[in-house]
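Structural overview
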Amino acid sequence: KAYLDLILVPVSVGSEPNGDDAPATRALVVEAKLKSLPTEQQLTRYRENTLKSLTLEHESGWTRKLSTGSAGKNASKTQEIRPDLVLLVPSTADVPPGWKLATWPTVYGALAEAVQKLDAACILKPLLQDYVDSLGHVLSIVTQTHAYVMQALEAAERTTYGMFED
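Residues numbered from 1 in each chain as written. Predicted model: local features only at pLDDT ≥ 70, side-chain atom pairs only at ≥ 80, totals over all residues. Heavy atoms only, no water.

The next thing to look at is the overall build of the protein. Helix and strand counts for the protein come out as three helices and eight strands. The buried share of the protein, reckoned over its 166 residues, is 22%. Accessible area for the protein stands at about 11700 Å²; split by element, carbon and sulfur atoms hold 55% of it. (Helix = DSSP H or I, 4+ residues; strand = E, 2+ residues; numbered from the N terminus. Buried < 20%, exposed > 50% of the residue type's maximum accessible area, 1.4 Å probe, protein only. Areas by Shrake-Rupley, 256 points an atom, 1.4 Å probe, with all protein chains shown as cover.)

Okay, structure coming up:
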């Protein structure tokens with residue numbers, strides 16, 4: 001089983017000779033972490049095992065394999081889609097080669113801005129606004145928890161054993 005948080009594959013509507021939709025040769029694969037950070041080994045395994053065996057299917061009938069190898073000039077002829085791998089985390093982190101970094105606060109800001117630009121008549125606007133509000137609350141909890149942990153660690157560094165002796 002492949003447990004992927006999000007895969008975005010751009011589709012060109014009606015671009016095939018017969019009028020069918022055609023996928024792009026690139027995809028965005030997001031591994032979203034909110035309360036933990038994966039190890040480099042986990043991300044390497046994820047890239048080499050999970051993605052290597054993944055096949056995408058579209059409602060119009062096309063099927064494409066996700067390829068983590070080099071694209072070459074025949075990528076579309078071999079019907080493979082190359083993923084751009086993105087690790088989505090609460091704050092900055094080191095990422096292994098082949099991965100890009102995005103932070104939840106950045107995504108939150110972009111979503112909040114995009115929802116504000118939606119027409120008031122858009123039927124999805126209230127749902128999306130609720131998602132943005134909920135994400136903001138979760139991020140607030142994560143941020144406050146991080147601050148408390150950092151305070152505790154700093155206090156522990158200042159504490160000496162002599163403070164507890166009689």
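The discussion continues.
Attention shifts here to the pattern of salt bridges. Think of it this way: side chains of opposite charge can pair up when their charged atoms draw near. For the coordinates displayed, the defined rule picks out three salt bridges. Lys100 is the salt-bridge partner of Asp84, the closest N and O atoms lying 3.8 Å from each other. Remark: Lys100 occurs in strand 8 (residues 99-103) and Asp84 occurs in strand 7 (residues 80-89); sequence separation between them is 16 residues. Notably, a salt bridge pairs Lys117 with Glu113, separated by 3.2 Å at the nearest N-O pair. One end of the pair, Lys117, and the other, Glu113, are both in helix 2 (residues 104-117), four residues apart, so they sit about a helical turn from each other. Residue Lys117 is classed as exposed on the basis of its relative accessible area of 64%. (Salt bridge = Lys/Arg side-chain N within 4 Å of Asp/Glu carboxyl O.)

A few words now on the side chain of Thr103. Looking at the element boundaries, Thr103 is found in strand 8. Given the relative accessible area of 15%, Thr103 is considered buried. Within the structure, Thr103 has its side chain in polar contact with the side chain of Thr106 (distance 2.8 Å). (Polar contact = N/O pair within 3.5 Å; in protein donor to acceptor, adjacent residues only side chain to side chain.)

What follows deals with the side chain of Glu31. Tracing the sequence through the fold places Glu31 in strand 4 (residues 26-32). Polar contacts involving the side chain of Glu31 include one to the side chain of Lys33, which spans 3.3 Å.

Turning our eyes to something else, we now look at the nonpolar core. Ranked by internal contacts, the top residues of the largest apolar core, which has 14 residues, are Val29, Leu51, Leu56, Leu66, Ile81 and Trp99. Of all the elements in the fold, those that place two or more residues in this core are strand 4, helix 1 (40-50) and strand 7. Among the elements that take part in this core, strand 7 stands out by supplying four residues, more than any other. With sequence-adjacent residues up to four places away left out, Trp99 is seen in contact with Glu31, Leu43, Tyr46, Arg47, Leu85, Val86 and Leu87. Counting six residues, the second-largest nonpolar core is a separate cluster that includes Val30, Leu88, Trp104 and Leu135. (Core = buried A, V, L, I, M, F, W, Y, C linked by side-chain atoms within 4.5 Å. Contact = heavy atoms within 4.5 Å.)

With 34 residues, helix 3 (residues 125-158) extends 49 Å from end C-alpha to end C-alpha; this agrees with the ideal 50 Å at 1.5 Å per step. Listed in full, the buried residues belonging to helix 3 are Lys125, Val132, Leu135, Gly136 and Leu139. Considering only its buried residues, helix 3 is in contact with helix 2. (Expected span 1.5 Å × (residues − 1).)

Let us now look at the environment of Arg82. Positionally, Arg82 belongs in strand 7. Along the backbone, Arg82 and Leu66 are 16 residues apart, and their C-alpha atoms lie at a distance of 5.9 Å.

Let's shift gears to the pairing of strand 6 (residues 63-66). Of the two faces of strand 6, only one is covered, namely that formed by Arg64 and Leu66; the face formed by Thr63 and Lys65 stays uncovered. As paired elements, strand 5 (residues 55-57) and strand 6 share three bridges and run antiparallel to each other. Pairing of Leu56 across the sheet is with Arg64, part of strand 6. Examined bridge by bridge, strand 6 and strand 7 share two bridges and lie parallel to one another. Looking at the pairing, Lys65 lines up with Glu80 of strand 7. (Pairing = 2+ DSSP bridges.)

Considering the arrangement of structural elements, one finds Leu37 in the loop between strand 4 and helix 1. As a C-alpha pair, Leu37 and Asp94 span 57 residues in sequence and 9.7 Å in three-dimensional space. Beyond its immediate sequence surroundings of up to four residues, Leu37 is in contact with Gln42, Val89 and Ala93.

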